[in-house]
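# Notes for the structure review
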Amino acid sequence: MMARTTRASPAVWLLAPAALLVVTLVVYPIGHTVWWSFHDADGRDLVGPANYVDVVTTPHIRRALLNNAVWILVAPNLVTAIGLLVAVLAQRVGRTAALRVVLFMPMAISLVSAGITFRLVYDASPDRGILNAAVVGVHDAFVPPSPYPGARPREGQGLVATGGGLETVRTVSGGETVLLPLLGLAPGQLPASARPAAVPAGAGAGVRGVVWSDFTATGGRPGVVDARELGLPEVEVEVLRDGAVVARTRTAADGTFQLPQLTGHGYVVRLAAGNFTEPFAGLTWLGPSLVTPAMIGVYIWIWTGFAMVLITVAAAAIPKETVEAARVDGAGEWQILRRVTVPLMRPTIVVVLLTLTVNVLKVFDLVLVVAPESAQGPASVLALEMWRSSFTDIGRGSALGVLLLVLALPGVLFNIHRLRRSER
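The paragraphs below set out a description of the structure included in this document. Bear in mind that the values here come from a model prediction, so they are computed numbers and not experimental data.

## Let's talk about the overall build of the chain
- Within the chain, the regular secondary structure consists of 13 helices and nine strands.
- Compactness check: the chain gives a C-alpha radius of gyration of 35 Å against a globular reference of 22 Å for 424 residues, more than 25% above the reference.
- In terms of overall dimensions, the chain has C-alpha extents of about 125 × 70 × 40 Å along its principal axes.
- Looking at the chain as a whole, 38% of its 424 residues are labelled buried.
- Expressed as a percentage of contacts within the chain between residues at least 6 apart in sequence, the contacts between residues at least 24 apart total 69%.
- As presented, the chain carries roughly 23400 Å² of accessible surface, and 66% of it is formed by carbon and sulfur atoms.
- Averaging the locations of the 33 positively and 28 negatively charged side chains of the chain gives two centres separated by 12 Å.

## Some thoughts on the packing of aromatic side chains
- Counted by the stated rule, this structure contains nine aromatic pairs.
- Look at Phe38 and Tyr52: their rings are 5.5 Å apart centre to centre, the planes differ by 50°, and that puts the pair in the tilted class. In this pair, Phe38 sits in the loop between α1 (2-36) and α2 (50-57) while Tyr52 sits in helix α2, placing the two residues 14 residues apart along the sequence.
- Assessed through its relative accessible area of 24%, Tyr52 is described here as partly exposed.
- Where Trp387 meets Phe391, the ring centres are 5.3 Å apart and the plane angle is 85°; that geometry is what we call edge-to-face. Residue Trp387 and its partner Phe391 are located together in helix α12 (residues 382-392), separated by four residues, close to a single helical turn.
- Here the aromatic residues Trp71, Tyr299, Trp303 and Phe306 are joined through ring pairs into a cluster of three or more.

## Notes on the environment of Lys320
- Among the structural elements, Lys320 can be located in helix α8 (residues 320-328).
- Lys320 sits in the exposed class, given a relative accessible area of 68%.
- Sequence-wise, Lys320 and Val291 are 29 residues apart; in three dimensions their C-alpha atoms are separated by 44 Å.

## Considering the sheet that holds strand β9 (residues 267-271)
- Taken together, five strands build an open sheet; the order of strands is β2-β3-β9-β6-β7 and the sheet is antiparallel. Strands at the two margins of the open sheet, each flanked by one partner only, are β2 (159-162) and β7 (244-250). Averaged over all neighbouring strand pairs, the angle between strand axes comes to 30°, with direction disregarded.
- Summarising the sheet, strand β6 (residues 236-241) and β9 pair through five bridges and their orientation is antiparallel. Directly across from Val239, in β9, lies its bridge partner Val269.

## Considering the nonpolar core
- Residues Trp71, Tyr122, Met295, Tyr299, Trp303, Met345 and Leu366 are the most contacted members of the largest nonpolar core, which totals 47 residues.
- Residue assignment for this core shows that the elements contributing at least two residues are α3 (59-92), α5 (111-121), α7 (291-316), α8, α9 (333-361) and α10 (365-370).
- Looking at this core element by element, the count peaks at 14 residues for α7.
- Contact partners of Tyr299, with chain neighbours within four places excluded, come to Trp71, Ala75, Val79, Leu356, Asn359, Val360, Val363 and Leu366.

## What to know about the sheet that holds strand β4 (residues 177-183)
- With mixed pairing, four strands are arranged side by side in an open sheet as β1-β4-β5-β8. Each end of this open sheet is capped by a strand with a single partner; those strands are β1 (152-153) and β8 (256-259).
- Examined bridge by bridge, strand β5 (residues 207-213) and β8 share four bridges and lie antiparallel to one another. Bridging across to β8, Val210 finds its partner in Thr256.

## A look at the packing of α8 against α9
- It is the contact of α8 with α9, at a shortest axis distance of 10 Å, that shows an interaxial angle of 150°. What the angle tells us is that α8 and α9 run roughly antiparallel. Handedness of the α8/α9 crossing: right-handed. The residues of α9 that touch α8, namely those facing Thr322, Val323, Ala326 and Arg327, are Glu333, Ile336, Val340 and Leu344.
- Residue classes in the contact of α8 with α9 are distributed as five nonpolar, one polar and two charged.

## Things to note about unusual backbone geometry
- One non-glycine residue, Glu234, adopts positive backbone phi at about 60°.
- Using a relative accessible area of 47% as the deciding quantity, one classes Glu234 as partly exposed.
- Of note in the backbone geometry, Asp242 takes a positive phi value of approximately 60° without being a glycine.
- Inspection of the secondary structure puts Asp242 in the loop between β6 and β7.

## Overview of the pairing of β7
- Where β6 meets β7, six bridges bridge the pair, whose relative direction is antiparallel. Each bridged residue has a counterpart across the sheet, and for Val239 the counterpart in β7 is Ala247.
- Counted between consecutive antiparallel strands, the loop separating β6 from β7 contains two residues, among which Asp242 sits at a positive phi close to 60°.

## Topic: α7
- Across its 26 residues, α7 extends 38 Å between first and last C-alpha, which sits within 8% of the 38 Å expected from 1.5 Å per residue.
- Taking the largest bend as the criterion, α7 deviates by roughly 40°, centred on Trp303.
- With 19 of 26 residues buried, α7 lies mostly within the body of the structure.

Conventions adopted
Residues numbered from 1 in each chain as written. Predicted model: local features only at pLDDT ≥ 70, side-chain atom pairs only at ≥ 80, totals over all residues. Heavy atoms only, no water. Helix = DSSP H or I, 4+ residues; strand = E, 2+ residues; numbered from the N terminus. Rg over C-alpha atoms; globule rule 2.2 N^0.38 Å. Buried < 20%, exposed > 50% of the residue type's maximum accessible area, 1.4 Å probe, protein only. Contact = heavy atoms within 4.5 Å. Areas by Shrake-Rupley, 256 points an atom, 1.4 Å probe, with all protein chains shown as cover. Lys, Arg positive; Asp, Glu negative; His and termini not counted. Charge placed at Lys NZ, Arg CZ, Asp CG, Glu CD. Phe/Tyr/Trp six-rings, centres within 6.5 Å; stacked < 30°, edge-to-face > 60°. Pairing = 2+ DSSP bridges. Axes fitted to C-alpha atoms, helices over the stretch in contact; angles between N-to-C directions. Core = buried A, V, L, I, M, F, W, Y, C linked by side-chain atoms within 4.5 Å. Parallel < 35°, antiparallel > 145°, perpendicular 65-115°, else oblique. Left-handed = near helix turned anticlockwise from the far one by under 90°. Nonpolar A, V, L, I, M, F, W, Y, C, P; charged D, E, K, R; others polar. Expected span 1.5 Å × (residues − 1). Bend = angle between axes of the 7 residues up to and from the residue.

Listed below in structure tokens is the structure:
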């Protein structure tokens, strides 16, 4: 008995410092946090499970729980899937070292630095935010912007705004010339093809008119076409009768239009709403509806390299003979991936997935840095609520910390179990 004790003593002394550190830095803080979670905001009076009831009944904490569920369901799965895709493709494409370096580089950046960077990427202005600049460019390629956003009719000239467009107050007849003066257009906003405005010449049947910018720096007469005023080309003009569109045309370079086929009376001339709609300015990525997907995108950008590296190592360990045997049996690449590669890499994929799930539960700095103050409520997560509550209500903050520990514990225990099995 004495000999066994003597042999165990060196091991005890070697493990003692590590055990002391674990007790000091892990066991004691966890125990003290659990103790505080049953106390009031000052940590003095015992309140029982009131803090836990408060956690599940407070609306903004329930919203944080829902956001955490979205993070857990989306972020780890997407990161693992992209890492798997890149790792498998890298085996079939030569010279992928540069790609792997590029994908792994974000791991060297702190979440705060990445958040500041993506705060600029997600900027709402297309002039500053690169993502909105790309979105606006693609949108405008398929839906060209309106030529005259912000234009408005000159008051008292018989033109009023209605339904996003502009139309004449009174009806016009065939053979009548319609003057349609507009304001609110800067000289630089007019197209280069614009020419000095002119009143259509000629007489007889038909509806004709001119659309022009009724403003010059040297003055001019309101509602009258002056020599220095420019016509507005490519304005879509619609003519209505009894509420139905009977004719359409576009203005010439001098702003004139003519519809000689229209005769009779009771016409209303309308400038279509598409001439004046505000240009597409992109999406509000950091608004309440898109801020959580935007932050998940940042997380994916950072952690894809981690998943790729681990899965690449697992893929390299797959015996080539197994893959070649599957090819000899007639399996295609997709079948090999689904029935050979992924099953053999499943332990590694599960470990990556669980590690990322535990990591997602701790994310709060991305929310704090990326989301603006107005969107931090809709984007909040449990870790951020814990961090904020701990400064003012130590009991609630501790309860949130215990809740996070309970949520993360299954993943941690499963990883420990996998590690012990692999060692055996």
